[in-house]
Structure formats: C-alpha cells, structure tokens
Amino acid sequence: MKRAILLLIFFISIDTANARFSDNHAIYLSSELNFGNYVGVDFNLNYVYQELYALKIGYSGNVSPASSTPEDYSPGLIGFLILGLGGPFDYLSNYQITVGKIFKINVKGTTRANISVGLGYTTINEPTNYQATGDGIIGSNYRWEHHKYNTVSLIINPKIEFATSTIFGPTITGMIQINKDRVFYGLGIGLMLGVLRKELVKPWHIRK
C-alpha cells in the first residue's frame, strides 16, 4: 500500500512539474522537407519562452541539379537505372541559429506563426572542371571534380505551427537563405515533437 501511495505521489509530481514548465517554456524538435530551387531536409531544436519569443538551432541539407552541367551531358544507362543520382549536383548545407517572435493565429494559441531570422554557416559543394570521358551509353559521358567552400548566410524562416496537441503537431514553413554566392528559397512541410505549449486544461489533481 505504501509503495502504491509513493508511486502515485511520484507521478503526480512529474505531471505537476511538466505543467509548470510548459506554462512559460516550450522545447521541441522539428524537421521539415523543403521544396524549392533546392530540395532537402532540415532538423532543428526549438525553444519558445512565454509563447512570445523563439530560439532555433538547426541544420539543413539541400541538393539541386548542377547549373554548370554541360548541355550534352548524359548519365548513361547506369545513371538512368539509379534515377540519375550520380549527379552532377550542387549541394548546400547550413548550420543555423535564428531568433523569432510568436504570433497567435487563434485565441488558444494552438495555431501560431513563428517568424524568425538569423545567420547560418553555409557549405557549398559544386561540380567543376568537367572532362569528357565517352559517349554516355553505359556510364556518364563526363567526369568532374568538386569545389567546396564556405560562406555566411542570412536566414529568413516564417513558419506556421499547428500545436493542437501539447507534444506533437505539423508545420508549414517558408525558407530563404541568402549569401554572396547564391540564394535558396522554398516551402516545407514537417513535424514537431516535444513540449509544444502549455496545457489548456489543468491536470485533474490541481483542478479546483
């Protein structure tokens, strides 16, 4: 009997602590699939304070058919069989940190806009120095080298978050990354998982 009482007190304490934490803080993971002039995915750790201010730390990786591809390039039979995944591609990866403001779209705050801006450390990897190798029947008719370099990007990331559950919800996002070498823009769909917002109804053990 004592063990049962102790276990009940333990779980009530956890639930109460979580409810108190979520009154002022939200911390959750998010991930989106991005579609635009590049295609890719991003992963983020998010923190929201008092449902007003947001901080995000994340990584994104995107790929696009290389703009430098020769007009007579052919992937060959092998490239065709693997859906052209051998390239050539431009790769754009980004470590980013942003700060933002939360705007409630509905009264309860279960649908909200998270408008954030920040900076990213960007790595660009693009094919260069193309050399003809054959007729492109079996394999590619070109080989190439990769030129990899880094830059700093301005990140603009407006997002609509549907926190209909306190721990899980979908997102619709826009993304713009601007640097001196290129611009990435796109739309994304994704998911959130974690402590998304405060409870709308108090737990049974602290209700009046």
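Structure's up top.
Residues numbered from 1 in each chain as written. Predicted model: local features only at pLDDT ≥ 70, side-chain atom pairs only at ≥ 80, totals over all residues. Heavy atoms only, no water.

Chemist: Which parts of the structure should I look at to understand the pairing of strand β8 (residues 183-195)?
Modeler: Here is the key point about a regular strand: its side chains alternate between the two faces of the sheet. Of the strand pairs in this sheet, strand β1 (residues 25-36) and β8 are connected by 10 bridges, and their pairing is antiparallel. Pairing of glutamate 32 across the sheet is with glycine 190, part of β8. Of the strand pairs in this sheet, strand β7 (residues 168-178) and β8 are connected by 11 bridges, and their pairing is antiparallel. Among the inter-strand pairings, glutamine 177 is bridged to a residue of β8, identified as phenylalanine 184. If you look at the hairpin formed by β7 and β8, you'll find four residues sitting between the two strands. (Pairing = 2+ DSSP bridges. Helix = DSSP H or I, 4+ residues; strand = E, 2+ residues; numbered from the N terminus.)

Chemist: Please clarify how the environment of threonine 111 should be interpreted in this entry.
Modeler: Its place among the elements puts threonine 111 in strand β5 (residues 111-132). Exposure remark for threonine 111: the relative accessible area of 15% places this residue in the buried category. A sequence separation of 53 residues divides threonine 111 from threonine 164, and the C-alpha atoms of the two residues are 7.1 Å apart. Discounting chain neighbours no more than four positions away, the residues touching threonine 111 are Lys104, Ile105, Asn106, Ile160, Glu161 and Phe162. (Buried < 20%, exposed > 50% of the residue type's maximum accessible area, 1.4 Å probe, protein only. Contact = heavy atoms within 4.5 Å.)

Chemist: Is there a simple way to think about the nonpolar core in this case?
Modeler: Most often, soluble globular proteins have nonpolar side chains that are buried together. With eight residues, the main nonpolar core is built from Ala26, Tyr28, Val48, Ala54, Ile102, Ala163, Met192 and Leu196. Beyond its immediate stretch of four places on either side in the chain, valine 48 contacts Asn24, His25, Ala26, Tyr28, Tyr53, Ala54 and Ile102. By size, the runner-up hydrophobic cluster in this structure holds seven residues, among which are Tyr38, Ile124, Met175 and Phe184. (Core = buried A, V, L, I, M, F, W, Y, C linked by side-chain atoms within 4.5 Å.)

Chemist: Help me out: how do you make sense of the pattern of salt bridges in this one?
Modeler: Oppositely charged side chains are able to pair whenever their charged atoms sit close together. All told, the structure shown has six salt bridges when counted by the stated rule. With a shortest N-O distance of 3.2 Å, lysine 159 and glutamate 32 are connected by a salt bridge. Separated by 127 residues along the polypeptide, lysine 159 in strand β6 (residues 142-162) and glutamate 32 in strand β1 bring together distant segments of the chain. By relative accessible area, which is 2% here, glutamate 32 ends up buried. (Salt bridge = Lys/Arg side-chain N within 4 Å of Asp/Glu carboxyl O.)

Chemist: Please explain the pairing of β1 as it appears in this structure.
Modeler: One ladder, built from 11 bridges, connects β1 with strand β2 (residues 39-49); its direction is antiparallel. If you follow alanine 26 over to β2, its bridge partner there is valine 48. A loop of two residues connects β1 with β2, the two strands running antiparallel in sequence.

Chemist: It is not clear to me how the side chain of asparagine 46 should be interpreted in this structure. Could you clarify?
Modeler: Turning to its location among the elements, asparagine 46 is positioned in strand β2. Separated by 2.9 Å, the side chains of asparagine 46 and serine 30 make a polar contact. (Polar contact = N/O pair within 3.5 Å; in protein donor to acceptor, adjacent residues only side chain to side chain.)

Chemist: Just to check I follow, could you spell out a nonpolar patch on the surface for this structure?
Modeler: Taken together, the side chains of Leu119, Val152, Leu154, Ile176, Ile178, Val183 and Tyr185 make up a nonpolar region of the molecular surface, amounting to roughly 600 Å² of accessible area. Sorting the residues of the nonpolar patch by element identifies β6, β7 and β8 as the ones contributing at least two each. Secondary-structure assignment places leucine 119 in strand β5. Residue classification places leucine 119 among the exposed residues on the basis of a relative accessible area of 52%. (Patch = residues over 30% accessible without salt bridge, like charges linked within 9 Å, V, L, I, M, F, W, Y side chains within 5 Å. Areas by Shrake-Rupley, 256 points an atom, 1.4 Å probe, with all protein chains shown as cover.)

Any link to function would need more than the numbers given here.
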